[in-house]
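Tertiary structure, described
What follows is each chain in one-letter form.
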Amino acid sequence: MPTLSFPVWAIDNPAKKHPELIQKGLVAAAGNRQVIQAMKESNIERAVVISSVGIQEDWPPMEFFCLGKVLMSLFFKTNSKKAFQDLNEMEIAYKESELDYLFVRPCGLGEEARPVNEWALQTKKYHGKVGLDMAKMDCARYMVQEALNPTKHKTAVVIGSK
């Protein structure tokens, strides 16, 4: 039976371990702005970027799972507020660039989940659902597949287990 998993930063916020991130600002937006600039300078046109459920037009997060929706909304409004804002700013930076991008928003990357080389995608809000316990390797495989053979452009997908 799948277990409910949340992004590690939602529970174990990296700013707790590295308080200097709060002073300097978190790294998703600032770091990806540098990546976008480097891509432009190198004539690289496509980015496949990991993000999070609930970012931008995917609000509210995990609408297909009531408890997940409530808990993730609570995390984003409280102890992960800065991380949530940082990821929003990161996505906006790509949207404002001329790059082709795909945001991959994993739902429940499980520490114990075994790779099975398959996944489920939600490509439209409120249509379909994904499983809550996905192997990190399966998410990475999907991202590499989209980088090498793009099928989705200037959009986002929620990804999870089947």
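Preceding block: the structure.
Here we summarise the structure given alongside this text. (Residues numbered from 1 in each chain as written. Predicted model: local features only at pLDDT ≥ 70, side-chain atom pairs only at ≥ 80, totals over all residues. Heavy atoms only, no water.)

This part takes up the sheet that holds strand E2 (residues 100–106). Read across the open sheet, the four strands follow the order E1-E2-E4-E3; overall the sheet is mixed. The two strands at the open ends of the sheet, each matched to only one other strand, are strand E1 (46–50) and strand E3 (120–122). Taken over all neighbouring pairs, the strand axes of this sheet differ in orientation by 30° on average, direction set aside. Across five bridges, E1 lies against E2 in parallel orientation. Looking at the pairing, Arg46 lines up with Asp100 of E2. In the packing of helix H6 (residues 81–96) onto the sheet, the strands contacted are E1 and E2, and the crossing angle to E2 comes to about 155°. (Pairing = 2+ DSSP bridges. Helix = DSSP H or I, 4+ residues; strand = E, 2+ residues; numbered from the N terminus. Axes fitted to C-alpha atoms, helices over the stretch in contact; angles between N-to-C directions. Contact = heavy atoms within 4.5 Å.)

In this structure, Tyr94 and Cys107 are the most contacted members of the largest nonpolar core, which totals 25 residues. When contributions to this core are tallied by element, the ones reaching two or more residues are helix H4 (27–41), E1, helix H5 (66–77), H6, E2 and strand E4 (155–160). Broken down by element, this core gets its largest block of residues, five residues, from H6. Excluding residues that lie within four positions of it along the chain, Tyr94 makes contacts with Asn32, Val35, Ile36, Ala47, Val49, Leu99, Tyr101 and Phe103. Within the second largest apolar cluster, nine residues are counted, among which are Val104, Trp119, Met134 and Met143. (Core = buried A, V, L, I, M, F, W, Y, C linked by side-chain atoms within 4.5 Å. Buried < 20%, exposed > 50% of the residue type's maximum accessible area, 1.4 Å probe, protein only.)

Take the side chain of Ser97 next. Assignment of secondary structure puts Ser97 in the loop between H6 and E2. Given a relative accessible area of 6%, Ser97 falls into the buried group. Here the side chain of Ser97 touches Tyr94 through a polar contact of 2.7 Å, landing on its backbone oxygen. (Polar contact = N/O pair within 3.5 Å; in protein donor to acceptor, adjacent residues only side chain to side chain.)

The end-to-end C-alpha distance of helix H7 (residues 136–148) is 18 Å, a good match for the 18 Å that 13 residues give at a rise of 1.5 Å each. For H7, the secondary structure elements touched by its buried residues are E1, E2, E3 and E4. (Expected span 1.5 Å × (residues − 1).)

A few words on the packing of aromatic side chains. By the definition in use, this model includes four aromatic pairs. Plain terms: the ring middles of Trp119 and Tyr142 are 5.6 Å apart, the flat faces sit at 70° to each other, and that makes the pair edge-to-face. One end of the pair, Trp119, is in the loop between E2 and E3; the other, Tyr142, is in helix H7, and 23 residues separate them in sequence. Like Trp119, the residue Tyr142 is buried in the burial classification. A network of ring pairs unites the aromatic residues Tyr94, Tyr101 and Phe103 as a single cluster. For Lys125, the ring lying beneath its charged end belongs to Tyr126, and the centroid distance is 5.6 Å. (Phe/Tyr/Trp six-rings, centres within 6.5 Å; stacked < 30°, edge-to-face > 60°. Lys NZ or Arg CZ within 6 Å of the ring centre and 35° of its normal.)

Now for the environment of Glu118. Structurally, the position occupied by Glu118 is in the loop between E2 and E3. Separated by 23 residues in sequence, Glu118 and Arg141 place their C-alpha atoms 8.9 Å apart.

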